[in-house]
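Given next are the chains, with one letter for each unit.
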Amino acid sequence: MPTARAALTPTVLGALAVVYLIWGSTYFGIKVAISTLPPLGMLALRFLIAGALLYIVLRLRGAAAPTPRQWGWSAVVGLLLLGGGTGLVTLAERQASSSVAAMLIAVSPLFSSLFGRLWGERTTLREWLGIGVGLLGIVLLNLGELRATPLAAALLVLAPLCWTFGSQWSRRMPLPSGLMGAAAEMLTGGAALAVLSVVFREQWRTPSPESLWALLYLILAGSLLAYSAYMYLVAHTSPALATSYAYVNPLVAVLLGVGLGSERLGHLGWLALAVILVGVVLVIWPGNRRGGSNTEDASSPEGVSSREAEAKPG
């Protein structure tokens, strides 16, 4: 069985390509979507539609509906991951480049190690080294390449805190099993985002075709296709390989932001990205995790799930 899980079959390679490229591109997709759509309202539409589609498909295939208790805890996780994680990233991208957003979100695995200590998980010397290296990368980014307002920078630090705390906590919650957990979290998280959009009186105007296409891409590719590919990797590969997108997505996001979004990144910015990725690799490298833990709950605010795909804020 270990050999089968480690085999790089064409299907596994295809799933890796999907997760690397799509989840790496969602930061740029968010930037395009919110150019004419309100941030919180856009996310509400994204997760409500994706969650509803997934829920309907699962119910038609015979999956059990969540219990009232499971719906309640799914709402807590959805608020932390989708509201606090993805929501804060989206708000920050109004005043920050998608490249900077992806680079700061790349430190999520570092926060995950820190939060793991709240539940008695031991942090190894290599993980502490990785955390220190990752924080050094953030310092370098702030020395000259951070194209974001102070508020946006603060939101981009809070986003992975919410995401990783919610991911770690969700492992102790009575959530629906399998993909039904993701559907419940998207539905409840999307509902919370819709309420917040109303509370903050977001203004709606006629969206551009580019924003609508970006929203459709985020729903179908970012929230459904890539997540399904990730779950396949979780089931058929090692945790380290399944979560390797944590240090590939930022590079994809930066390349897209620079190549398509007219964003500029100087020498210090590229150095900061390299330093951050080295820190992440040190934290999630195979054999480096604590006993009783696994690397599947290590990564970022752009994803969707919790207990089984505790992974990504954008």
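Residues numbered from 1 in each chain as written. Predicted model: local features only at pLDDT ≥ 70, side-chain atom pairs only at ≥ 80, totals over all residues. Heavy atoms only, no water.

Novice: Would you explain the overall build of the protein in this entry?
Specialist: Counting its secondary structure elements, the protein contains 13 helices and zero strands. Taken from the N to the C terminus, the helices and strands of the protein come in the order α-α-α-α-α-α-α-α-α-α-α-α-α. Burial statistics for the protein: of 314 residues in total, 56% are counted as buried. Summed over its atoms, the accessible surface of the protein is roughly 12,700 Å², and 71% of this surface lies on carbon and sulfur atoms. (Helix = DSSP H or I, 4+ residues; strand = E, 2+ residues; numbered from the N terminus. Buried < 20%, exposed > 50% of the residue type's maximum accessible area, 1.4 Å probe, protein only. Areas by Shrake-Rupley, 256 points an atom, 1.4 Å probe, with all protein chains shown as cover.)

Novice: Would you mind going over the packing of aromatic side chains with me for this structure?
Specialist: In this description, a pair of aromatic rings is defined by centroid distance and the angle of the planes. What the rule picks out here adds up to one aromatic pair. Between the aromatic rings of Y55 and W71, the centroid separation amounts to 6.1 Å while the plane-to-plane angle is 40°, which identifies the pairing as tilted. Remark: W71 occurs in helix α4 (residues 68–92) and Y55 occurs in helix α3 (residues 39–60); sequence separation between them is 16 residues. Here W71 falls in the partly exposed class, since its relative accessible area comes to 25%. (Phe/Tyr/Trp six-rings, centres within 6.5 Å; stacked < 30°, edge-to-face > 60°.)

Novice: What am I meant to see in the nonpolar core here?
Specialist: Proteins that are soluble and globular tend to have nonpolar side chains buried together. In terms of nonpolar packing, the biggest core is built from 57 residues, with V19, W23, M42, L54 and L156 touching the most fellow members. Going through the elements one at a time, α2 (10–33), α3, α4, α5 (98–105), α8 (150–170), α9 (179–199) and α10 (209–236) are the ones with two or more residues in this core. Of the residues forming this core, the biggest block, twelve residues, is contributed by α10. (Core = buried A, V, L, I, M, F, W, Y, C linked by side-chain atoms within 4.5 Å.)

Novice: I tried to follow α9 on my own but got confused; where do I start?
Specialist: Residues lying three or four places apart along an α-helix face the same way, a consequence of the helix completing one turn every 3.6 residues. In this model, α9 (21 residues) spans 30 Å end to end at C-alpha, consistent with the 30 Å of a helix rising 1.5 Å per residue. Count one or two residues on from α9 and you reach R201, which has phi positive near 55°. (Expected span 1.5 Å × (residues − 1).)

Novice: Please explain helix α12 (residues 249–260) as it appears in this structure.
Specialist: For α12, built from twelve residues, the straight-helix expectation of 16 Å at 1.5 Å per residue is met to within 8% by its first-to-last C-alpha distance of 16 Å. Within the sequence span of α12, burial applies to N249, P250, V252, A253, V254 and G257.

Novice: Can you walk me through unusual backbone geometry in this structure?
Specialist: Excluding glycine, a negative phi dihedral is what most residues carry, and trans is how most peptide bonds are arranged. Backbone geometry at R201 places phi at a positive 55°, although glycine is not the residue there. Given a relative accessible area of 69%, R201 falls into the exposed group.

Novice: Just to check I follow, could you spell out the environment of A214 for this structure?
Specialist: Tracing the backbone shows A214 in helix α10. Using a relative accessible area of 9% as the deciding quantity, one classes A214 as buried. Sequence separation between A214 and G29 is 185 residues; the distance between their C-alpha atoms is 5.4 Å. Filtering out sequence-adjacent residues up to four positions away, A214 remains in contact with G29, V32 and A33. (Contact = heavy atoms within 4.5 Å.)

Novice: Quick question: what am I supposed to make of a nonpolar patch on the surface here?
Specialist: Together, L45, I49, L53, W204, W213, L216 and L220 give the surface a local cluster of nonpolar side chains, amounting to about 690 Å² of exposed area. Residue assignment for the nonpolar patch shows that the elements contributing at least two residues are α3 and α10. Structurally, the position occupied by L216 is in helix α10. (Patch = residues over 30% accessible without salt bridge, like charges linked within 9 Å, V, L, I, M, F, W, Y side chains within 5 Å. Salt bridge = Lys/Arg side-chain N within 4 Å of Asp/Glu carboxyl O.)

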